[in-house]
Amino acid sequence: MSFLVLLLVLWVEKFSALRQRLQRDGFFRTELARLERNGKGHPWWVLSILVLLPVIVLALLLQVLEPVAYGLLALPLHLLVLIYSLGRGDVKASLGPFRDAWRRGDEQAAVHVAERDLGVSGDDASSLLERVQGHLLWQAYQSFFAVIFWYVLLGPAAALAYRLLALTAEHAHAPALRERAGQLRHAFDWAPVRMLGVSFALVGNFVAVSRVMLHELLHWNISAPRLIAAVGHVAGEMPKGAPAGPEGLVGLDSLWELLLRSAVLWYACFALWTVLG
């Protein structure tokens, strides 16, 4: 059933607006703000309410539904939870204004839209483009690959836990709560970001990725955004110091193609796992 849900997710992404209607975080953010405003909750207690409790409720509901009608009643719940757990927004579309400014060679406008739309800044054109490339890699990873990894491995409850931790780390104002959520998310990111790195080696520059991965494979303290940016740049053989203009966008297009090839590889592996299982 998991592979069928993964296929349905692709269909929904391409032909439906269900994701935009389903991914409403207003209630979650309101509860987060209320718990922080009370000022009485320990960070672990807040995380238990916001993350652990919904995950437990979902797991219990699935336990009830999955034995009924050969799991057909659980299928819509799997699909809805997985769609909700995907990242917010369209990763590629969010780069549109930056791409337009960069294509025109307007570095000042590129700096402005990168800060406004992507939250990315750079000291010069070269560093700005490199950070935008890293932003693309990280957003694609945390929006899709990490969620799919935990869904296939542990089911929709793990995928939901990942997204709720990400939302908490992003929207929490209390430093202690943000730090705890970030620590748990770092643990969740450790395995899938390395799996994606291995995928980059298989569909990109194997030798260059291997050099990076051998040094960082078991390094616990390296952050997932930093690792995926380092691996993605060498896998896609990104040129250094690309100037503003159409030629500077070749690297972004190459990274997107690298991500698409990795997604195809993951789906092929999941299909093989389903058949052999």
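- As recorded in an unreviewed UniProt entry, the protein chain goes by Regulatory signaling modulator protein AmpE and comes from Pseudomonas alkylphenolica.

### Side note on the side chain of Arg 99
Moving on, step 1. Among the structural elements, Arg 99 can be located in helix 7 (residues 96–104).
Moving on, step 2. When sequence neighbours within four positions are dropped, the list of residues in contact with Arg 99 reads Leu 249, Leu 252 and Asp 253.

### Thoughts on the pattern of salt bridges
Moving on, step 1. With the rule as written, the count across this model stands at nine salt bridges.
Moving on, step 2. Where Asp 25 meets Arg 88, a salt bridge forms, and the shortest distance between an N and an O atom there is 2.7 Å. In this pair, Asp 25 is assigned in the loop between helix 2 (18–22) and helix 3 (26–38) and Arg 88 in the loop between helix 5 (74–85) and helix 6 (91–94), connecting sequence segments 63 residues apart.

### A word on the nonpolar core
Moving on, step 1. In terms of nonpolar packing, the biggest core is built from 64 residues, with Leu 82, Phe 98, Val 132 and Phe 200 touching the most fellow members.
Moving on, step 2. Looking at this core element by element, the count peaks at 18 residues for helix 9 (residues 125–154).
Moving on, step 3. Apart from residues no more than four positions distant in its own chain, Phe 98 is found in contact with Ala 110, Val 113, Ala 114, Leu 128, Leu 129, Val 132 and Leu 252.
Moving on, step 4. In terms of nonpolar packing, the next biggest core, distinct from the first, is built from 24 residues, Leu 35, Leu 62, Ala 172 and Ala 181 among them.

### Observations regarding the UniProt feature "transmembrane region" (unreviewed entry) in the protein chain
Moving on, step 1. Look at the UniProt record and you will see "transmembrane region" (unreviewed entry) annotated at residues 43–62, 69–87, 144–166, 187–208 and 258–276.
Moving on, step 2. Helix makes up 96% of residues 144–166 and strand makes up 0%, while its end C-alpha atoms are separated by 13 Å.
Moving on, step 3. Taken end to end, residues 258–276 comprises 100% helix and 0% strand; its first and last C-alpha atoms sit 27 Å apart.

### Overview of a nonpolar patch on the surface
Moving on, step 1. A cluster of nonpolar side chains, Val 198, Leu 202, Phe 206 and Val 207, forms an exposed patch at the surface whose accessible area comes to about 380 Å².
Moving on, step 2. At the level of elements, helix 11 (175–203) and helix 12 (206–216) are the ones that each hand at least two residues to the nonpolar patch.
Moving on, step 3. Position of Val 198 relative to the elements: it lies in helix 11.

### Regarding helix 5
Moving on, step 1. Between its first and last C-alpha, helix 5 extends 16 Å over twelve residues, near the 16 Å set by a 1.5 Å rise per residue.
Moving on, step 2. The element helix 5 is extensively covered by neighbouring structure, given that ten of its twelve residues are classed as buried.
Moving on, step 3. By the burial criterion, the buried members of helix 5 are Ala 74, Leu 75, Leu 77, His 78, Leu 79, Val 81, Leu 82, Ile 83, Tyr 84 and Ser 85.

Calculation criteria
Residue positions are counted from 1 within each chain, in the order its sequence is given. Selection of residues for local features in this predicted model requires a pLDDT of at least 70, selection of side-chain atom pairs for listing and counting requires 80 or more, and totals for whole chains, interfaces and linings are taken over all residues. To get the side-chain values, all heavy atoms of the structure are used, and hydrogens and water are removed first. Secondary structure is summarised from DSSP: a helix means a run of H or I of at least four residues, a strand means a run of E of at least two, and numbering begins at the N terminus for each. We call two residues in contact whenever any of their non-hydrogen atoms come within 4.5 Å of each other. Only one rule defines a salt bridge in this text: a Lys or Arg side-chain nitrogen within 4 Å of an Asp or Glu carboxyl oxygen. The nonpolar core is taken to be a set of buried Ala, Val, Leu, Ile, Met, Phe, Trp, Tyr and Cys residues, with the residues joined through side-chain atoms within 4.5 Å. Buried, partly exposed and exposed residues are distinguished by accessible area as a fraction of the type maximum, computed with a 1.4 Å probe on protein chains only: under 20%, between the cut-offs, and over 50%, respectively. UniProt positions are given in the numbering used here, feature names are shortened, and annotations may be inferred rather than shown by experiment. Within this analysis, patches are made of residues with over 30% relative accessible area and no salt bridge. Like charges are joined at 9 Å or less; nonpolar side chains (Val, Leu, Ile, Met, Phe, Trp, Tyr) at 5 Å or less. Accessible areas in this description were obtained via Shrake-Rupley with a 1.4 Å probe; residue shielding takes into account the shown protein chains only. Expected span of a helix, by definition, is 1.5 Å for each gap between consecutive residues, and there is one gap fewer than residues.

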